[in-house]
Amino acid sequence: MIKRRIMIPIIFFTVFSWSRGYAQTVDRIVMNSVPSEVWQENIYLLADRLDWKEYRNFDVQIGNEGFVYHFPTWKSGKYGTKLFREDLNKDKEEEIMIVLDNFNDPIHILQSISNDQNQEYKEVTIEPVAEAVKRLVDMDKKGNFVIITTKQRTYKVNLKSLGFSDTSSDETIYTHVPVDFHVEKKKIIADAVVMISMDGGKAIGNLKLLYDWNGKKYEVNSISFEKYDRKR
């Protein structure tokens, strides 16, 4: 992350990137924003739109004229982004959460650092969903049933109740990507679809992962499961 202070309004503009003898048009756009009644507290997420499905070279700008945090390695796809401002760690300061359309690098958290002169931000670590599931969840198939065990409880999913007729073979149970991240009651929530590798992959339910701040990073501390409802 590179931080710089600039005093410019938010605008749309086009730049040209020259490489290997040809010009590529790059649109600098505001991908998302969180408005505030106080203009110094508006938040903007900006990026270069390389084409209809690729966005790179991100900035997070705090205020219409103020701090800009530069993230040149962030990438996102065509399905947009999410931007949240919440007190996620109960320190009475609001964090900024950015969700990208990127399977490998989907979520970033900027945590407030207050000092005598300015309120600044730094990026902090958040546990990847795959690591949390590996650490906290056991998923197995026994006959017609998928057994999902978390720290809190054990769930049994009858595959025949989901309309699966041939359940005799051994199948892999896994979480699907992408994962949906959002905020509920000032908590980071990740919803991961649980799949069985039967017939190319079928959804059987969702894992709901709840994050907490442990003083060093945001880490998953509880996971629940909800069976897929065929009637929905």
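Scroll up to find the structure.
1. Observations regarding the overall build of the chain
So, step 1. When helices and strands are tallied, the chain shows one helix and 18 strands.
So, step 2. A burial count over the chain gives 40% of its 232 residues as buried.
So, step 3. Accessible area of the chain: about 13,500 Å², with a carbon and sulfur share of 48%.

2. Some remarks on the pairing of strand β10 (residues 119-126)
So, step 1. In the sheet, strand β9 (residues 107-114) pairs with β10 via six bridges, with the strands oriented antiparallel. Bridging across to β10, glutamine 111 finds its partner in lysine 122.
So, step 2. Where β10 and strand β18 (residues 217-227) come together, two bridges link them in parallel fashion. Residue pairing across strands places threonine 125 opposite lysine 217, the latter belonging to β18.

3. Thoughts on the pattern of salt bridges
So, step 1. Here the structure, examined in full by the defined rule, presents eleven salt bridges.
So, step 2. The partner of glutamate 54 in a salt bridge is arginine 56, with the nearest N and O atoms 2.5 Å apart.
So, step 3. Since its relative accessible area comes to 24%, glutamate 54 is described here as partly exposed.
So, step 4. We classify arginine 56 as partly exposed; its relative accessible area is 33%.
So, step 5. Taking the shortest distance from any N to any O, the salt bridge between glutamate 219 and lysine 217 comes out at 4.0 Å.
So, step 6. Under the relative-accessibility criterion, lysine 217 is labelled partly exposed at 27%.
So, step 7. Because the salt bridges share partners, they merge into one network encompassing Arg28, Asp48 and Asp59.

4. Observations regarding helix α1 (residues 129-136)
So, step 1. Within the span of α1, buried status applies to Val129, Ala132, Val133 and Leu136. Relative to the axis of α1, the buried residues are bounded by an arc of 100° and lie together on one face. What points out from α1, more than 90 degrees from its buried face, is the exposed set Ala130 and Lys134.

5. Examining the nonpolar core
So, step 1. Counting residues in each nonpolar core, the largest one holds 38 residues, and the members touching the most others are Phe181, Ile188 and Leu209.
So, step 2. In terms of residue count, the dominant contributor to this core is strand β16 (residues 187-196) (five residues).
So, step 3. The contact partners of phenylalanine 181, leaving out residues within four places of it in the chain, are Lys82, Phe84, Met97, Val99, Pro106, Ile107, Val129, Ile188, Ile189, Ala190 and Tyr211.
So, step 4. Ala47, Phe58, Val60 and Leu83 belong to the second largest nonpolar core, which has 20 residues in total.

6. Quick notes on the pairing of strand β11 (residues 138-142)
Each regular strand displays side chains that alternate between the two surfaces of the sheet.
So, step 1. Judged by which residues are buried, β11 turns out to be one-sided: Met139 and Lys141 face inward and are buried, whereas Asp138, Asp140 and Lys142, on the alternate face, are not.
So, step 2. Bridging between β11 and strand β12 (residues 145-149) involves five bridges; their strand directions are antiparallel. Bridging from a neighbouring strand, lysine 141 pairs with valine 146 of β12.

7. Some thoughts on the packing of aromatic side chains
So, step 1. In the structure shown here, the tally under the stated rule is six aromatic pairs.
So, step 2. Between the aromatic rings of phenylalanine 67 and tyrosine 69, the centroid separation amounts to 6.2 Å while the plane-to-plane angle is 35°, which identifies the pairing as tilted. For the pair phenylalanine 67 and tyrosine 69, a shared accessibility class is recorded, and that class is buried.
So, step 3. With 3.9 Å between their ring centres and 15° between their planes, phenylalanine 71 and tryptophan 74 make a pair best called stacked. For the residue pair phenylalanine 71 and tryptophan 74, the accessibility class agrees, reading buried in each case.

8. What to know about the sheet that holds strand β13 (residues 154-158)
So, step 1. Judged by pairing direction, the sheet is antiparallel, and its three strands sit side by side in the order β11-β12-β13 without closing on themselves. The strands lining the two open edges of the sheet, one partner per strand, are β11 and β13. Each strand of the sheet is rotated relative to its neighbour by a mean of 20°, with strand direction disregarded.

9. Here we look at unusual backbone geometry
So, step 1. Cis geometry marks the peptide bond from valine 177 to proline 178; its omega dihedral reads 10°.
So, step 2. In this fold, proline 178 is placed in the loop between β14 (173-175) and β15 (180-184).
So, step 3. A positive phi angle, near 60°, is found at asparagine 57, a position not held by glycine.
So, step 4. Here asparagine 57 lies in strand β5 (residues 54-62).
So, step 5. Among the residues examined, asparagine 57 registers a relative accessible area of 24% and is labelled partly exposed.

Reading the values: rules and limits
Residues numbered from 1 in each chain as written. Predicted model: local features only at pLDDT ≥ 70, side-chain atom pairs only at ≥ 80, totals over all residues. Heavy atoms only, no water. Helix = DSSP H or I, 4+ residues; strand = E, 2+ residues; numbered from the N terminus. Buried < 20%, exposed > 50% of the residue type's maximum accessible area, 1.4 Å probe, protein only. Areas by Shrake-Rupley, 256 points an atom, 1.4 Å probe, with all protein chains shown as cover. Pairing = 2+ DSSP bridges. Salt bridge = Lys/Arg side-chain N within 4 Å of Asp/Glu carboxyl O. Arc of directions from axis to C-beta. Core = buried A, V, L, I, M, F, W, Y, C linked by side-chain atoms within 4.5 Å. Contact = heavy atoms within 4.5 Å. Phe/Tyr/Trp six-rings, centres within 6.5 Å; stacked < 30°, edge-to-face > 60°. Axes fitted to C-alpha atoms, helices over the stretch in contact; angles between N-to-C directions.

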